[in-house]
Each structure stands twice: as C-alpha cells, then as structure tokens.
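Spelled out from the first residue to the last, the chains are:
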Amino acid sequence: MPSCTWCGAEVEPEDGFRAYEPAGERRAVFCRLEHVIPWAIQGAHWEAGEMSESSALDDAAGNCSQCGAELGDVHVLLVRHRGEHRVADAFCGVDHMNEWAKAGGRWQ
C-alpha cells in the first residue's frame, strides 16, 4: 500500500490522489488534496516510477485545468482515486497544480 508523499500516512488503493509527471517518469501520492500544497511549496519531491494508470492520461483533457493552455510534452497529471472511479486533471506544471489545489480543485 502506498504512503502519502507529504505526511507518510498509508493511502488505500481506492482512495487519495496520484500525481504523475509522465515525461520524467516521476510520481507522488497524497492522502488528501490539501497535501499537494505544502509538497509543492517545499519543492515537489517526486519518487521515481512510471505512471500506473495510462487510461487516466487518455481521460485527461489536452488543456491545463488551471489556465486552459494546451499541454506540452512535459506536464503533470493528478488522478483522484474514488472507489473504482478515476478522475484525472492535467496541468502545465506543479505550480498550476498547486494553484488549482489552493483554490479547491474541482470545487472552485
């Protein structure tokens, strides 16, 4: 079972958030959306690893969820695990993911 990259709490496979930087084969796990914020502020310490949810990438829009810009080759994907469901949002980078999380994510 993965641990939250920020606080170290165990994160159930069907819960939490997974952040990926597919181009760099890096990832992070969060038990709560709020943990994205201090993680990003402290310098976004990623773990090495491929994205385990390639179908989530297909579901994410081709535009940044924060600014609406078209995504380039280097971008960040945040996948919400909610039971059997996966909800993906994509961002230009960690800064935009952080701003989006600060504003409440999808509940802005």
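Bear in mind that the values here come from a model prediction, so they are computed numbers and not experimental data. (Residues numbered from 1 in each chain as written. Predicted model: local features only at pLDDT ≥ 70, side-chain atom pairs only at ≥ 80, totals over all residues. Heavy atoms only, no water.)

Asks: What should I look at first to understand the overall build of the protein in this one?
Replies: Looking only at helices and strands, the protein has three helices and five strands in total. Tracing the protein from N to C terminus, the helices and strands come up as β-β-α-β-α-β-β-α. Relative to its full complement of 108 residues, the protein shows a buried share of 40%. Within the protein, residue pairs in contact and separated by at least 24 positions form 51% of the contacts whose partners lie at least 6 positions apart. If you sum the accessible surface of the protein, you get close to 6000 Å²; carbon and sulfur atoms cover 45% of it. Of note, the protein has its 9 positive side-chain charges centred 6 Å away from the centre of its 18 negative side-chain charges. (Helix = DSSP H or I, 4+ residues; strand = E, 2+ residues; numbered from the N terminus. Buried < 20%, exposed > 50% of the residue type's maximum accessible area, 1.4 Å probe, protein only. Contact = heavy atoms within 4.5 Å. Areas by Shrake-Rupley, 256 points an atom, 1.4 Å probe, with all protein chains shown as cover. Lys, Arg positive; Asp, Glu negative; His and termini not counted. Charge placed at Lys NZ, Arg CZ, Asp CG, Glu CD.)

Asks: I tried to follow the sheet that holds strand β4 (residues 76-82) on my own but got confused; where do I start?
Replies: Strand pairing in a sheet is mediated by backbone hydrogen bonds. Such pairs are either parallel or antiparallel. Strand order in the open sheet made by the five strands is β3-β2-β1-β4-β5, with antiparallel pairing throughout. Two strands bound the open sheet, and with one partner strand each, they are β3 (47-48) and β5 (85-91). (Pairing = 2+ DSSP bridges.)

Asks: How should I be thinking about the pairing of β5 in this particular structure?
Replies: One face of the sheet, then the other: side chains in a regular strand alternate in exactly this way. Note: β4 against β5, seven bridges, orientation antiparallel. Counterpart to valine 79 in the pairing with β5 is alanine 88. Between β4 and β5, which pair antiparallel in sequence order, lie two residues; one of them, glycine 83, sits at a positive phi of approximately 65°.

Asks: So what exactly am I meant to see when it comes to the packing of aromatic side chains here?
Replies: Here a ring pair, both rings aromatic, is described through the centre-centre distance and the interplanar angle of the planes. Applying the stated criterion across every chain, the model contains three aromatic pairs. Look at phenylalanine 30 and tryptophan 39: their rings are 5.1 Å apart centre to centre, the planes differ by 70°, and that puts the pair in the edge-to-face class. Neither phenylalanine 30 nor tryptophan 39 differs from the other in exposure class; each is buried. With 5.0 Å between their ring centres and 85° between their planes, tryptophan 39 and tryptophan 46 make a pair best called edge-to-face. You'll find tryptophan 39 and tryptophan 46 in the same group, each marked buried. Taken together, the ring pairs in this structure connect Phe30, Trp39 and Trp46 into an aromatic cluster. (Phe/Tyr/Trp six-rings, centres within 6.5 Å; stacked < 30°, edge-to-face > 60°.)

Asks: Looking at this model, I keep getting lost on the nonpolar core. Mind explaining?
Replies: A general trend in soluble globular proteins is that nonpolar side chains are found buried together. Phe30, Trp39, Trp46, Leu78 and Met97 are the most contacted members of the largest nonpolar core, which totals 28 residues. At the level of secondary structure, the elements contributing two or more residues to this core comprise β1 (17-21), β2 (26-30), α1 (36-41), β4, β5 and α3 (94-102). Sequence-distant contacts of methionine 97, that is, excluding residues within four places in its chain, are made with Ala19, Val36, Trp39, Val76, Leu78 and Phe91. (Core = buried A, V, L, I, M, F, W, Y, C linked by side-chain atoms within 4.5 Å.)

Asks: What's the story with the pattern of salt bridges in this structure? I'm lost.
Replies: Pairing is possible between side chains that carry opposite charge, provided their charged atoms lie close to one another. Scanning all chains against the criterion turns up six salt bridges. Put simply, arginine 26 and glutamate 21 hold a salt bridge, and the shortest N to O gap is 2.7 Å. Among the salt bridges present, the one from arginine 106 reaches aspartate 89, with a minimum N-O distance of 2.8 Å. You can see arginine 106 sitting in the segment after α3 and its partner aspartate 89 sitting in strand β5, a full 17 residues away along the chain. By relative accessible area, which is 9% here, aspartate 89 ends up buried. (Salt bridge = Lys/Arg side-chain N within 4 Å of Asp/Glu carboxyl O.)

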